[in-house]
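Here's the letter readout for the chains.
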Amino acid sequence: LLTPMNAEKKSKPSSKSITGAKTHTYKKVGDVELKLYLFEPEGHKSEDSRPAAVFFFGGGWNGGSTGQFEAHSRYLASRGMIAAVVDYRVKSRHKTTPFVCVKDGKSAVRWLRRNAKIPGIDPNRIAAGGGPAGCPEYTSEAADDCPFLLFLLSLILIHPRPRHHRQTMPRS
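Thresholds, definitions, all that
- Residues numbered from 1 in each chain as written.
- Predicted model: local features only at pLDDT ≥ 70, side-chain atom pairs only at ≥ 80, totals over all residues.
- Heavy atoms only, no water.
- Phe/Tyr/Trp six-rings, centres within 6.5 Å; stacked < 30°, edge-to-face > 60°.
- Helix = DSSP H or I, 4+ residues; strand = E, 2+ residues; numbered from the N terminus.
- Buried < 20%, exposed > 50% of the residue type's maximum accessible area, 1.4 Å probe, protein only.
- Core = buried A, V, L, I, M, F, W, Y, C linked by side-chain atoms within 4.5 Å.
- Expected span 1.5 Å × (residues − 1).
- Contact = heavy atoms within 4.5 Å.
- Salt bridge = Lys/Arg side-chain N within 4 Å of Asp/Glu carboxyl O.
- Pairing = 2+ DSSP bridges.

Participant: Would you mind going over the packing of aromatic side chains with me for this structure?
Facilitator: Centre distance and the angle of the planes are the two values used to describe a pair of aromatic rings. Applying the stated criterion across every chain, the model contains three aromatic pairs. Centroid distance Phe55 to Phe69: 5.2 Å. Interplanar angle 15 degrees. Geometry classified as stacked. You can see Phe55 sitting in strand β3 (residues 50-56) and its partner Phe69 sitting in the loop between β3 and α1 (70-78), a full 14 residues away along the chain. For the residue pair Phe55 and Phe69, the accessibility class agrees, reading buried in each case. With a centroid separation of 4.2 Å and an interplanar angle of 10 degrees, the aromatic rings of Phe57 and Tyr88 are classed as stacked.

Participant: What should I look at first to understand the nonpolar core in this one?
Facilitator: Residues Tyr26, Val54, Phe56, Tyr88 and Leu112 are the most contacted members of the largest nonpolar core, which totals 23 residues. Elements that contribute at least two residues to this core include exactly β2 (32-39), β3, β4 (82-86), α3 (98-114) and β5 (121-130). Looking at which element gives the most residues to this core, the answer is α3, with five residues. Membership of the second largest hydrophobic core comes to 13 residues, among which are Tyr37, Phe69, Ala77 and Ala127.

Participant: For this particular structure, what's the right way to read α3?
Facilitator: Owing to its 3.6 residues per turn, the α-helix aligns residues three or four sequence positions apart on the same side. Look at α3: 24 Å from first C-alpha to last across 17 residues, which is about the 24 Å you get at 1.5 Å a residue. Of the surrounding elements, those touching the buried residues of α3 are β1 (22-29), β2, β3, β4 and β5.

Participant: Mind showing me how you'd approach the pattern of salt bridges here?
Facilitator: Two side chains bearing opposite charge may form a pair once their charged atoms approach each other closely. Enumeration over the complete set of coordinates arrives at nine salt bridges. Ionic pairing is found between Lys27 and Asp104, a salt bridge with its closest N-O pair at 2.9 Å. With Lys27 in strand β1 and Asp104 in helix α3, this pair connects stretches of sequence that are 77 residues apart. Note that Lys35 and Glu33 form a salt bridge whose closest N and O atoms lie 2.8 Å from each other. Each of Lys27, Arg89 and Asp104 takes part in a single network of salt bridges with overlapping partners.

Participant: Would you mind going over α1 with me for this structure?
Facilitator: Glu70, Ala71, His72, Ser73, Leu76 and Ala77 are the residues of α1 that are buried. Considering only its buried residues, α1 is in contact with β2, β3 and β4. One or two residues past the end of α1 sits Gly80, with phi positive at roughly 105 degrees.

Participant: Whenever I open this one, the environment of Tyr37 confuses me. Can you help?
Facilitator: Relative to the elements of secondary structure, Tyr37 occurs in strand β2. By relative accessible area, Tyr37 is classed as buried at 0%. Placed 12 residues apart in sequence, Tyr37 and Thr25 show a C-alpha to C-alpha distance of 8.9 Å.

Participant: Is there a simple way to explain the pairing of β2 in this structure?
Facilitator: Each regular strand carries side chains that alternate between the two faces of the sheet. The buried fraction of β2 amounts to six of the eight residues, a majority that puts the element mostly inside the structure. Where β1 meets β2, seven bridges bridge the pair, whose relative direction is antiparallel. Bridge pairing links Lys28 to Glu33 in β2. Remark: two residues form the turn of the hairpin made by β1 and β2, two consecutive strands paired antiparallel; Gly30 in that turn has positive phi of roughly 60 degrees. In this structure, β2 lies alongside β4, joined through four bridges in antiparallel fashion.

In structure tokens, the structure reads:
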């Protein structure tokens, strides 16, 4: 089980780089490059085929930072997994809607699966998790609305909203 290891950073913009993580651009929209940051186990080789966890920060689709799950990612890497934190567009920085946030999440998971050999990930062993805004798009009622769930075999739910508070995302 994972427990909170770092205070959430909801208002700061996401980093351009994170010390100890490999930075990849998973999507470009206009002049905005969306990044994911990979944390790898010590001695990891790109020929490896390791399980991975990808984290999406919370913040109500309004703000947030990749730093929210940096400590979790470092911990999983220390235990032999590859972990990623994903930056995605949010209202406060990009004047966007929750639907665009979900599309970015889908794009990040697709990038990981399509490019799994680059960081040495087993594309059939990718789990996703995140904060409250990072959770609804791939849990419960919202599951049917998110095709990228089809690529995931595991979910890491960190303080998800109770069932009666969950939002259903319209199909995008």
